[in-house]
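Summary of the model geometry
For reference, the chains in residue letters:
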Amino acid sequence: PVVYVAWLLLFLRTCVNSSKRLGRTPKPRQAIIETGLDGEKKVGRDGTMIGLLMFRAAFVRSLPMVEGLAQLGWFRILLMRSYAPSVHVGKGAMVWGFILDPDLTEIGDRAVIGFSSEIAAHSLTRRPGGVVVYLSAPIKIGADVTIGGAAYIAAGCVIGDGAVVENKSFVAPFTIIPPGETWGGVPAVRLRRRDGWGESIAAEKTLPAAPLGTADLEEARQLVQFALGIANLESCPQWDSMGQIAIATALSDRYGVVVSSEEVFRLRTIEDVACAIGGRAPAAPESAPPMADNSALPGDPDLLPLLPPAEATRALATRFGAVLPDLKPLRVVIAASSTAQPLAPTMKVWGRAFGLELDIEFAGYNQIVETLLSPESLFARNESGVNIVLPDPTDRVFDSSAERFAGMEELFAAVEAWIARHLQAPQTFVGTLPPQVSALSSLGRAQYEPLRRKWNTLVEGLAGAQVFDFGAVVEQTGIEAARSSANEALSRMPYSPALYQACGIALVRQILGARRSPAKVIAVDCDNTLWGSVVGEVGMEGIQLGPDGAGRSFQLFQQRLKQLKERGLLLVVVSKNEENDVLRVFESHPEMILRPDDIAAWRVNWKHKSENLQELAEELNLGIDSFVFLDDDPAMRMEVAARLPGVHVIPMPEEPALYCETLERLWLFDGDHVTEADQKRTRMMQEEARRNRERRAASTLEEYLEGLRLEVEIREPQDNEWARVAQLTQRTNQFNLSLRRRTLEEVRALSVNCSVLIVRARDRFGDYGLVGLCILAKAAEGRSEIDTLLMSCRVLGRGVEDAFLHAIAAAASGQGAAALAAPFLPGPRNQLIKEFLIRSGFREARPECWELPVTAARWPAHIRAAVAERAVEARA
């Protein structure tokens, strides 16, 4: 035993040294541990590091005598450091359980972690296609916390000082347990508050504020640098009144501190800002639980819009300085009638939450016309970003009592002129006119409202620009809440911090909506979600559903889901129930809005809902991250969130009357254009189910393909198809050569110098619609380079991709090219197109750039070509 213990100590010490080397790069928040197709496995650098540390943790835990020796404090620390680069355990803490990720877990002073308990700050999930994804989120356990024996604490949890987690409890990911509370159960819920803790916390709050220290001044310095948009204060030791306004706005965003108009212009030094931080904002309303820091943020950023805006913005602002991977830079220029600079802090923090690094600039005060017309303006120099026009009643076109309509039409003509000159370049937002907020305006409401109606009518009919509903933002905030007469008088800033914050969030939402793919599938429960009560207990006649009373909320919710379905989202039913009971309600209940034809797929059984969702993802050939899960039962939501972290699990409110509001606040369903394919998507999925039944019945693949009677049409896009073309670039992940995401304006602009080809397909079961896109650059040095090649997965494996490649090769030959060049950008899910390149005869000319002679492409014999495809070949 003595020799073994000596060996064990030496072995653990050696592990400590290697853990330090492995931990020089922090564990990522997300990493692909294993990828590959056809049995080929590839593990990235992050995956190797994580895998080694996890294997070592399991190995050292299994060694003899380890459990007993771990009762010694020094040995317990040595043990954890053998598989983690750092350990964060407070003084006097007693750790009897197993900490899987000591470097991501912070344990406070005098905390007690019970026997057989586990604390895991990570999860592993296998996605369709064999991809294993690692996700991590730090865990924070406060001072004097007690974790009972055999309890399990999942990633992202925050447990406040003095809290208790009872034996054998499961604390779900990202649960926040306030100080002094006792939680228990599976999943853990609040049971009671510990005696004495409320009083001690209240006493702490009454303590006098400590004098300013180095940390306070550094915090203030960072906030000033963020507000002014500078790297260090040496370049800006003093700031003007506009800087003071920006700092006041940042104080509101990050700390909830509302600086009065009299105090704004006293923010002259770092000490002034530090003092303002010390006098933090009033407590949030009781209905909105306070969020002191970014630990309260949900792991899924798409749930942020469900939080109170002020609290969410404050929490996001506290982590603004954190290094976030894969941020996409985007320049935004704003021309406004009034002072708009306070929009910037909110837009920046919300943009980063959704992967955008926004570089925001402002045109001169009340310089909209000049910015639109000048060839040297900020708008003109913003070649690939977003330009925003925000007029309001303070604009000088309304100053004159006469010819106001003429001034407004001059302003609108400048907007039209800008769009006409830059139709193919940057994205342009034009704001509606908001209600009159200012109490200082010389223009009465009776004079202003006709102008407002006229402007909004003109903007809604404007082609080539997006309408930003500035008026709706003001109306939602409320006239009184949006007004700041003192700031308007002092700095021509007519709006309150609340309005600037709401407007900044709304602008980010619209910018994001044009740059990412919306969710594709809504998976919805039945009992107490689509209708009230449990159909298996009360029967179809007993459920709550109808135009009046308790059933009206459920009927309105179904109407909202049907609207989303008509916009192209797929509805699937995932319910723990008897299938006959559920189908009878859908088919026969007179008050049902949703009918069987509205549902793309069903999973009504008694299996885990995570298993059903995984099966549906495979059946619909969609990534699990494109699913939104709606269920009234917190336990069901927790099970799905724990097992399928990629699913957007929506925390449905307890009151069904709030279901529709919850859907309205989500950004997951935002999209600029509803295409023909969107409107037909459910029918297409039902047709695909019939094709799959036909395939199972066919004796060979060749027999199945011949029986489909496939026909393709390959040509240039028509005017009404460009929206679908842009949508394909944003939504297609698996069969996508370059992974380039483009807006409608960007794909239109590319058509000037490149050949753009689309493919439409149909068979005897129905029309697939527009399913493929190729953007082909002009030939150079005997090669035509494929900038973009992508295709919807629902037609793959039926020869449509081969027919499309044949037409692309013909077009390249017509340009004088002898070969096609296909630069491939590897991603987590697009290995499918690389396999297609290899199967089609492409050869790797240089790393990840594949080439094919144009004469090598072959047209599949079972596919009939429409006339448009032959016309492409003839022109070539």
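Check the entry above for the structure.
Definitions and cut-offs
Residues numbered from 1 in each chain as written. Predicted model: local features only at pLDDT ≥ 70, side-chain atom pairs only at ≥ 80, totals over all residues. Heavy atoms only, no water. 1 Å grid on protein atoms, 1.4 Å probe; cavity = no way out; pocket = protein on both sides within 12 Å on 5 of 7 lines; lining within 4 Å. Points joined across faces, edges and corners; volume = space filled by probe spheres on them. Helix = DSSP H or I, 4+ residues; strand = E, 2+ residues; numbered from the N terminus. Nonpolar A, V, L, I, M, F, W, Y, C, P; charged D, E, K, R; others polar. Buried < 20%, exposed > 50% of the residue type's maximum accessible area, 1.4 Å probe, protein only. Pairing = 2+ DSSP bridges. Arc of directions from axis to C-beta. Contact = heavy atoms within 4.5 Å. Phe/Tyr/Trp six-rings, centres within 6.5 Å; stacked < 30°, edge-to-face > 60°. Axes fitted to C-alpha atoms, helices over the stretch in contact; angles between N-to-C directions. Parallel < 35°, antiparallel > 145°, perpendicular 65-115°, else oblique. Core = buried A, V, L, I, M, F, W, Y, C linked by side-chain atoms within 4.5 Å. Salt bridge = Lys/Arg side-chain N within 4 Å of Asp/Glu carboxyl O.

1. Section: empty space enclosed by the protein
A water-sized probe, rolled over the atoms, reveals where empty space remains. Counted by the stated rule, this structure contains 6 cavities of 30 Å³ or more. Roughly 70 Å³ of volume is contained in the largest cavity. Looking at the largest cavity, the residues that line it are Ala336, Ser338, Thr339, Ala340, Leu343, Leu390, Asp392, Phe470, Tyr495, Leu499, Tyr500 and Cys503. No other element matches the 3 residues that helix H19 (residues 497-513) contributes to the lining of the largest cavity. Split into classes, the residues belonging to the lining of the largest cavity amount to 9 nonpolar, 2 polar and 1 charged.

2. Examining the pairing of strand S21 (residues 386-390)
Across the 5 residues that make up S21, a large majority, 5, are buried. On S21, burial covers both faces: Val386, Ile388 and Leu390 on one face and Asn387 and Val389 on the other are all buried. Examined bridge by bridge, S21 and strand S22 (residues 427-431) share 4 bridges and lie parallel to one another. Residue Val389 lies in a different strand from S22, and its bridge partner there is Val430.

3. Examining unusual backbone geometry
Leaving glycine out, the prevailing phi sign among residues is negative, and the prevailing peptide bond configuration is trans. Cis rather than trans, the peptide bond between Val186 and Pro187 has omega equal to -5°. Counting through the fold element by element, Pro187 comes out in the loop between strand S17 (181-184) and strand S18 (189-193). The backbone phi angle of Leu739 is positive, close to 60°, even though this residue is not glycine. For Leu739, the position within the fold is in the loop between helix H29 (722-731) and helix H30 (744-750).

4. Points about helix H32 (residues 831-839)
The set of residues buried in H32 consists of Ile833, Lys834, Phe836 and Leu837. All buried residues of H32 fall inside an arc of 155° around its axis, so they share one side. Tucked into the core, H32 has its buried residues touching strand S32 (783-791), helix H31 (800-814), strand S33 (819-823) and strand S35 (849-853). Positive phi shows up at Gly841, right after H32, with a value of about 100°.

5. Some thoughts on the packing of aromatic side chains
To describe a pair of aromatic rings, you give the distance between the ring centres and the angle between the ring planes. One pass over the structure, following the stated rule, counts 17 aromatic pairs. Ring centres of Trp7 and Phe11 lie 5.2 Å apart, and the angle between their planes is 10°; on these two criteria the pair is classed as stacked. Of the two residues, Trp7 and Phe11 both sit in helix H1 (residues 2-22), 4 residues apart, roughly one turn of that helix. Residue classification places Trp7 among the partly exposed residues on the basis of a relative accessible area of 41%. Here the aromatic cluster, defined as three or more aromatic residues joined through ring pairs, consists of Tyr4, Trp7, Phe11 and Phe59.

6. Looking at the packing of helix H23 (residues 609-620) against helix H24 (residues 634-643)
Packing of H23 against H24 brings their axes to within 8 Å, and their N-to-C directions diverge by 55°. In terms of orientation, H23 and H24 fall into the oblique class. For the pair H23 and H24, contact is made by Lys609, Ser610, Glu611 and Leu613 and by Met636, Glu639, Val640 and Arg643, respectively.

7. Quick notes on the nonpolar core
In this structure, Ile247, Leu251, Val332, Ile334, Leu343, Met347 and Trp350 are the most contacted members of the largest nonpolar core, which totals 66 residues. Among the elements that make up this core, the one with the highest residue count is H19 (8 residues). Ignoring anything within four residues of it in the chain, the contact list for Ile334 reads Ala340, Leu343, Met347, Ile360, Glu361, Phe362, Ala363, Ile388 and Leu390.

8. As for the sheet that holds strand S25 (residues 570-576)
Strand order in the open sheet made by the 5 strands is S26-S25-S24-S27-S28, with parallel pairing throughout. Each edge of the open sheet carries a strand with a single partner, namely strand S26 (599-605) and strand S28 (648-651). Within the sheet, the average angular offset between the axes of one strand and its neighbour, ignoring direction, is 20°. Note that strand S24 (residues 521-524) and S25 share 4 bridges and pair parallel.

9. Considerations on the environment of Ile368
Structurally, the position occupied by Ile368 is in helix H12 (residues 368-373). For Ile368, a relative accessible area of 2% corresponds to the buried category. Once the C-alpha coordinates of Ile368 and Leu411 are considered, the two residues, 43 residues apart in sequence, prove to be 7.9 Å apart.

10. A few points about the pattern of salt bridges
All told, the structure shown has 34 salt bridges when counted by the stated rule. The salt bridge involving Glu357 is made with Arg352; its shortest N-O contact spans 2.8 Å. Taking the relative accessible area as the measure of exposure, Glu357 reaches 29% and is therefore partly exposed. You can call Arg352 buried: its relative accessible area is 10%. The salt bridge involving Asp631 is made with Lys609; its shortest N-O contact spans 2.5 Å. With Asp631 in strand S27 (residues 627-631) and Lys609 in helix H23, this residue pair connects regions lying 22 residues apart in the sequence. Taking relative accessible area as the criterion, Lys609 reaches 3% and is therefore assigned buried. Through salt bridges with shared partners, one network takes in Glu711, Glu713, Arg715, Glu721, Arg760, Arg762 and Arg864.

11. Notes on the sheet that holds strand S12 (residues 152-153)
Within a sheet, neighbouring strands are paired by backbone hydrogen bonds and run either parallel or antiparallel to one another. One open sheet holds the 4 strands; their spatial order is S4-S7-S12-S15, and the pairing between them is parallel. Two strands bound the open sheet, and with one partner strand each, they are strand S4 (98-99) and strand S15 (170-171). Pairing analysis gives 2 bridges linking strand S7 (residues 118-119) to S12, with the strands arranged parallel. Note on S12: the bridge partner recorded for Ile119 is Ile153.

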